[in-house]
Amino acid sequence: MNTADFAAFEAAIRGADHEVDLFSAAMVIARLGGHEVDPHRAARTLDLIAENVLAEAGESPSLDALAHAIDHQLFTVEGFHGSFDDYDNPENSYVDRVIERRRGIPITLSLVYLEVAQRVGLPADGVGFPGHFIVRYGEPGAHTYLDPFQQGVRLDEEELLAMLRGLDLGGARPETFLAAVTRRQILQRMLNNLHVAFRNRRDIQRWHDTIELQLRLAPWNVSLIGERGMLRYRLGRLEEALPDLETYVTASETGASPGAIRLLDQLRIRYRNMGESR
């Protein structure tokens, strides 16, 4: 990725959360794949699906009628489905490729659902269920929950709450995990998935670029700053690594990783020696 990509991401996430351009930001994230990303083509595909949803739902449809028309068009007609056998493939996190391949992981399939819902006027939100991501639609107090990864299967709210009560939620109320997440939280979750994927693959450049995007959403995250510093060191960008590692070690105090401290010491010695040799 280049400076223009990072600037485009910053522009997409600027302002209040309801002003965040979720689709444009997701298209920037897709550029992490290194393939040619065509946002207009992806948007046109979603526009056409939305037109078919409205044609199927008829005049003045109920919210349920709209939702069922989305289900039919996305999952039956278009064949969108969960990528069960290739779940960890980064392509499942690139929304343009998800739209092209008709397969993805819970959060990207949910994003596709939300984009179509927005186009047809169905009030819908993403829900960050632990270890999964689902969608809810409807008016406050009368939400219906569904799972785009399971081709729109409906989920009973009481069953979801019962599942949550069986988990360690760190003292949080179960109902918290059925609330709508923000647009920035959706982007953070998408980037977290790619962060893990690239780290596991030891893909240093994409791992670094993912952190760059994460820091646009959370510039105060010193752990990410320290991680970026270590990756910059491995990429040979030593002058950029030094301030990152200094920020991380200083802010973390006794919690800084030994590896980061060693790298910082090496860089300080290097630049001190360079200064003395001049």
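Look above for the structure.
None of the values given here were measured: they were computed from a predicted structure.

## Details of the packing of aromatic side chains
Right, on to step 1. Taken as a whole, this structure holds 3 aromatic pairs when the rule is applied.
Right, on to step 2. Geometrically, the ring pair formed by Phe-84 and Phe-149 is tilted, given 4.5 Å between the ring centres and 50° between the ring planes. Taken together, the residues span a long stretch of sequence, with Phe-84 in the loop between strand S1 (81-82) and helix H5 (95-101) and Phe-149 in the loop between strand S5 (144-147) and strand S6 (153-155) at a distance of 65 residues.
Right, on to step 3. Accessibility expressed as a relative area gives 54% for Phe-84, which makes it exposed.
Right, on to step 4. By relative accessible area, Phe-149 is classed as buried at 6%.
Right, on to step 5. Considering the side-chain rings of Tyr-87 and Phe-149, the 5.7 Å spacing of their centres and the 80° angle between planes classify their relative orientation as edge-to-face.

## Structural notes on the pairing of strand S3 (residues 124-127)
Right, on to step 1. With 4 bridges connecting them, S3 and strand S4 (residues 134-137) associate as antiparallel partners. Counterpart to Gly-126 in the pairing with S4 is Val-135.
Right, on to step 2. What sits between S3 and S4 in their antiparallel hairpin is a turn of 6 residues, with Gly-131 showing a positive phi close to 75°.

## What to know about unusual backbone geometry
Right, on to step 1. Of note, the phi angle at Arg-102 is positive, near 65°, even though the residue is not glycine.
Right, on to step 2. Residue position: Arg-102 is located in the loop between H5 and strand S2 (103-104).
Right, on to step 3. Look at Gln-151: it is not a glycine, yet its phi comes out positive at around 55°.
Right, on to step 4. Mapped onto the secondary structure, Gln-151 falls in the loop between S5 and S6.
Right, on to step 5. Residue Gln-151 is classed as partly exposed on the basis of its relative accessible area, which comes to 40%.

## Points about the environment of Gln-188
Right, on to step 1. With respect to the secondary-structure elements, Gln-188 resides in helix H8 (residues 183-200).
Right, on to step 2. When its relative accessible area of 29% is taken as the criterion, Gln-188 is described as partly exposed.
Right, on to step 3. When the C-alpha atoms of Gln-188 and Asp-85 are compared, they prove to be 24 Å apart, with 103 residues separating the residues in sequence.

## Considerations on the environment of Gln-266
Right, on to step 1. Here Gln-266 is to be found in helix H12 (residues 258-277).
Right, on to step 2. When its relative accessible area of 41% is taken as the criterion, Gln-266 is described as partly exposed.
Right, on to step 3. Each C-alpha atom, one on Gln-266 and one on Leu-242, is 9.7 Å from the other, the two residues being 24 residues apart in sequence.
Right, on to step 4. A polar side-chain atom of Gln-266 sits 3.0 Å from a polar atom in the side chain of Tyr-233.

## Some remarks on the environment of Leu-111
Right, on to step 1. The topology assignment puts Leu-111 in helix H6 (residues 106-120).
Right, on to step 2. Accessibility expressed as a relative area gives 2% for Leu-111, which makes it buried.
Right, on to step 3. What Leu-111 contacts, discounting residues up to four positions off in sequence, is Leu-22, Ala-26, Val-95, Ile-186 and Met-190.

## Here's the deal with the sheet that holds S3
Right, on to step 1. What the 4 strands build is an open sheet, ordered S3-S4-S5-S6; its pairing is antiparallel. Every interior strand has two partners, whereas the edge strands, S3 and S6, have only one. Recorded for the sheet is a direction-independent mean angle of 35° between the axes of neighbouring strands.
Right, on to step 2. Of the strand pairs in this sheet, S5 and S6 are connected by 3 bridges, and their pairing is antiparallel.

## Regarding the pattern of salt bridges
Right, on to step 1. For the coordinates displayed, the defined rule picks out 23 salt bridges.
Right, on to step 2. The salt bridge partner of Glu-91 is Arg-101, with a shortest N-O separation of 3.7 Å. With Glu-91 in the loop between S1 and H5 and Arg-101 in helix H5, the pair connects residues that are 10 residues apart, well separated along the chain.
Right, on to step 3. For Glu-91, a relative accessible area of 22% puts it in the partly exposed group.
Right, on to step 4. A salt bridge links Asp-125 to Arg-136; the nearest nitrogen and oxygen atoms lie 3.5 Å apart. Separated by 11 residues along the polypeptide, Asp-125 in strand S3 and Arg-136 in strand S4 bring together distant segments of the chain.
Right, on to step 5. A relative accessible area of 13% places Arg-136 in the buried class.
Right, on to step 6. If you follow the salt bridges from partner to partner, you end up with Glu-10, Glu-212, Arg-216, Arg-228, Arg-232, Arg-237, Glu-240 and Asp-244 in one network.

Thresholds, definitions, all that
Residues numbered from 1 in each chain as written. Predicted model: local features only at pLDDT ≥ 70, side-chain atom pairs only at ≥ 80, totals over all residues. Heavy atoms only, no water. Phe/Tyr/Trp six-rings, centres within 6.5 Å; stacked < 30°, edge-to-face > 60°. Helix = DSSP H or I, 4+ residues; strand = E, 2+ residues; numbered from the N terminus. Buried < 20%, exposed > 50% of the residue type's maximum accessible area, 1.4 Å probe, protein only. Pairing = 2+ DSSP bridges. Polar contact = N/O pair within 3.5 Å; in protein donor to acceptor, adjacent residues only side chain to side chain. Contact = heavy atoms within 4.5 Å. Axes fitted to C-alpha atoms, helices over the stretch in contact; angles between N-to-C directions. Salt bridge = Lys/Arg side-chain N within 4 Å of Asp/Glu carboxyl O.

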